[in-house]
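# Inside the fold
Here is what each chain is made of, one letter per residue.
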Amino acid sequence: MPETTSTIIAFVCNWCSYAGADQAGGLRLDYPVNIKLVRVMCSGRVDPQFVMDSFRKGADGVMILGCHPGDCHYRNGNIKAMKRSILLEQMLPTFGIDPKRFRLDWVAAGEAERFKEVVTEMSETIKNIGPLHLKGFVESEVA
Amino acid sequence: MTVMQKKSLLFLCKCGANISNFVDLDRIADWASKAGHIDLAESHNLLCSPDGKKFFQETLKQKKPDTVVVAACSPKMHEKTFQELAESVDVNMSYIQMANIREHCAWVTQDKNEATIKSIELINAAAKRSFEAEPLKKMTMAVNTDMVVIGGGIAGIEAALSAAKADRKVYLVEKEISLGGAVIKTEDIAPSMECSPCLLAPRLSAVRNNPNITVITNAEVNEVKGFYGNFTVKIHKKARYVEESCIGCESCFEVCPVDVKSAFHLNMGTEKAVYTLFPGSVPAAAAIHKESCLHFVDNSCNACMEACPFGSINFNQKDEDIEVTAGAIIIATGFAAGDIAGIKNLKYGAIENVYTTSEFERMVCSNGPSKGELKLKNGEKPEKIAVIHCAGSMREDGLPYCSGICCVEAAKVGMLVRKQLPDVQIVNIYQELVFPNPRDFSFYKQQCEAGTHFLKSDNISSVLLSEEKERIRITALGIDPVEVDLVVLSTGLQPSESAKKLAEILNIDLEKDGFFKADHALLHATGASLDGIYIVGCAKGPVNVSDAVVTAHAAIGDALSKLVPGREIELEIMTACIDPDKCGGCKLCITVCPYKAISNNADKHISFVNEVICRGCGTCVAQCPSGAAKAKHFTDNQIYAEIGGLIYA
Ligand SMILES: Cc1cc2nc3c(=O)[nH]c(=O)nc-3n(C[C@H](O)[C@H](O)[C@H](O)COP(=O)(O)OP(=O)(O)OC[C@H]3O[C@@H](n4cnc5c(N)ncnc54)[C@H](O)[C@@H]3O)c2cc1C
Ligand code: SF4
Ligand code: SF4
Ligand code: FES
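What you see is a predicted model, and the numbers here were worked out from it, not measured in a lab.

### Re the pattern of salt bridges
Summed over the entire model, instances satisfying the criterion amount to 33 salt bridges over all chains. With a shortest N-O distance of 3.5 Å, Glu 84 of chain B and Lys 80 of chain B are connected by a salt bridge. One end of the pair is Glu 84 of chain B and the other is Lys 80 of chain B, both in helix α3 (residues 75-88) and four residues apart, which spans about a single turn. A relative accessible area of 41% places Glu 84 of chain B in the partly exposed class. On the accessibility criterion, Lys 80 of chain B (56% relative accessible area) is exposed. The structure contains a network of salt bridges with shared partners spanning Arg 103, Asp 105, Glu 111, Arg 114 and Glu 121 of chain A.

Put into structure tokens, the structure is as follows:
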């Protein structure tokens, strides 16, 4: 499916991954247009409900990107994110969602190339799996 | 019931051509005019320019919007700029939302049509998010500007003196009975070879004479409560059984019948049961080894009491618990000498006349156990001495790292020996030589010229010592065997024994190697991982005296700039808070908070955030099963609205 019609929501921490994405911009690194970022202060802020909500509202893929382990601006929020993600990945199939539609990864502030790589890979993955149709699950409009 | 549709005022920034070349701003304007929830302000060529800022303020004043979306660059660039501009015209900063259509759109999307659609999605999401915003309030707090310095080595001394000079009250806490740390146990400081006691003596008397500094020795910090600007520090001061009136005249030493192995002399000499570390110590007062003193052992002796001209001996002195308050805490607890007991090849403790550099320094020190005279166990003078570099360093069964300063110490051995025994042959066996600055390197060159022979082994871990008649034989890969009378093992520096305990008490991080971790290795290298706590000298990693002092001054400079009498400190605005009506008291938030910012009210069975400590990571909010915890400006509602806005534009 074409990039423009699929949507990938990426929750990115303010200190590393958002900054990494900014740097990708600074370096004019072209990456798939379907990647849309939601800034949070730390990957530890990402409630698994945010991921589910994204799928529910029509995202075809969801990512959480944070600082590399050991580098979290708040010591270890990313480790919390990792623990939650493991549980989340196990739960996704029960909602009929291929766990490959979700990805947790680490991108440092200086890793513009890596940012591009990680999101491009995700975009490819989603292209291969195709759109997500969550039956009876989709909200029609959001206030 | 009809609810008035909230409207967001949209500013479109062209950013010169940086945005307008890649995104069709007219199409966005067209979309905005039809969207219903957006009111369009004109697009501006450069919104962050003086002219642009004025335009922004004026438009806000005139239109009094519900919320504002600035579609421009990264919020990391200018969110604060526009928030402050808004505040200046009485619009709460929370209502300013940026849509990053430059870094995350214009610059990374080749197709202008696609970039335009994505921009619309980002703007829509920003607007939707902004409608969920709740006003934010800047918070400030009055602070205590005094300081507690833990550790009275050169770094702690210099920190205390600098802070005191700025008229801050300083509590200088030292676990030994007097100040001085490792430097006072050495004779000369390489590479300048300044005499250590001469360097320290004036600094010690400056501490003693400074009314702003309270020296608390024989003491350790055992509890710290509070936070940046408002710490309460509990100090346990052990009884020394000698009152402050003691001037250290040593009259009692002569009459004391008990000899005790001296830790100050690294067990190579003795001191009396009543002792000082060295003449001229600060504080001057002696102390009594309770375990050995006959008065305490069997009540059979009062000799010191009778001999003291000042009536300073007080066998009834009690331990004291002292509580002080401060705005900042400086950790200057230094290092411990690298432990080589486990490295069998070096035969440390098994063969006579094998010493560590620390022991060697004590031996040649004029305040040392032999008053500085270097001799072998049998009383004779050595003829040949070997120095083994990296003893126990850079190996997994020892210290896995290079301490970076021991090569200079190892090179210094030859110089110290030649000072009293000019004809002794010195051979330094090494694998790597590390001289991080030009002065250290020229010092090494001087030592080569002065006669120290540097021998390179292929593998320093292969060094093996053995006894060979009266001498010590050294073999190592890549060198011919060497026979000497005395061996100095140049050990590395490891974290001080109390580092781990202190890190727990203060809730700060250690590096993998066990030294205290800096808040930021480059930008805030003397800050610990919590605000208001500093790490200086060898507490932050092995450093030489010069760097120990530099870090002490740097830390105090930073602390002084942040803790100014009469000025309140600004607190993190986007903290978490907990709704007491929703909190179920499960304490999950407490288990995840990296800063221990959350406490539980046992009576009410609810948790609450100390917003002074909270840094706003939001981890507790994601963990809370009751929806009680809220991250200010990153609320669930804001994020859900943003997600929706990105998908349904
Ligand atoms: C053998 C040897 C030779 C050296 N030679 C040189 C040289 O030639 N040139 C040079 O520049 N550097 C040299 N150094 C390094 C130098 O000693 C250090 O740079 C310096 O001592 C660092 O000072 P500091 O104040 O950070 O730590 P320290 O000198 O270790 O002082 C730390 C102080 O904190 C106290 N303390 C520890 N824990 C606590 C606690 N929990 N509570 C209260 N107090 C505590 C200790 O008792 C001590 O007094 C040498 C080091 C060694 C081991
Ligand atoms: S937001 Fe982070 S720092 Fe603040 S209380 Fe929650 S977990 Fe602790
Ligand atoms: S996690 Fe939520 S419900 Fe549990 S104690 Fe913390 S704030 Fe209260
Ligand atoms: S701040 Fe980046 S993951 Fe915590």
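### Things to note about the domain arrangement of chain B
Examined at the domain level, chain B breaks down into domain 1 (3-136), domain 2 (147-238 + 319-334 + 496-562), domain 3 (251-307), domain 4 (338-494) and domain 5 (572-632). Using C-alpha coordinates to define each centre, domain 1 of chain B is positioned 67 Å away from domain 4 of chain B.

### Focus on the site of ligand 3
Within the structure, ligand 3 sits among Ile 578, Cys 583, Gly 584, Gly 585, Cys 586, Lys 587, Cys 589, Ser 607, Cys 624, Pro 625 and Ser 626 of chain B. Class assignment for the residues of the shell around ligand 3 results in six nonpolar, four polar and one charged.

### Section: the interface of chain B and chain A
Taken together, the contact pairs 45 residues of chain B with 51 residues of chain A. Counting the surface lost from both chain B and chain A, the interface buries some 4,100 Å², and carbon and sulfur atoms represent 54% of this. Inspection of the region where chain B meets chain A yields four salt bridges. Between Arg 45 of chain A and Asp 636 of chain B there is a salt bridge; the shortest N-O distance is 2.7 Å. At the boundary of chain B and chain A, one finds 22 residue pairs in polar contact (both at pLDDT 80 or more). Of all elements in the fold, only α3, α4 (102-106), α5 (112-131), α17 (619-623) and α18 (636-647) of chain B reach the threshold of two or more residues within the side of chain B that touches chain A. Among the elements that line the side of chain B that touches chain A, the one with the most residues is α18 of chain B, at eight residues. Looking at the side of chain B that touches chain A residue by residue, the classes come out as 19 nonpolar, 14 polar and 12 charged.

About the criteria used
Residues numbered from 1 in each chain as written. Chains lettered and ligands numbered in written order. Predicted model: local features only at pLDDT ≥ 70, side-chain atom pairs only at ≥ 80, totals over all residues. Heavy atoms only, no water. Salt bridge = Lys/Arg side-chain N within 4 Å of Asp/Glu carboxyl O. Helix = DSSP H or I, 4+ residues; strand = E, 2+ residues; numbered from the N terminus. Buried < 20%, exposed > 50% of the residue type's maximum accessible area, 1.4 Å probe, protein only. Domains from an automatic or database assignment. Near = heavy atom within 4 Å. Nonpolar A, V, L, I, M, F, W, Y, C, P; charged D, E, K, R; others polar. Contact = heavy atoms within 4.5 Å. Buried area = accessible area lost by both parts, 1.4 Å probe. Polar contact = N/O pair within 3.5 Å; in protein donor to acceptor, adjacent residues only side chain to side chain.

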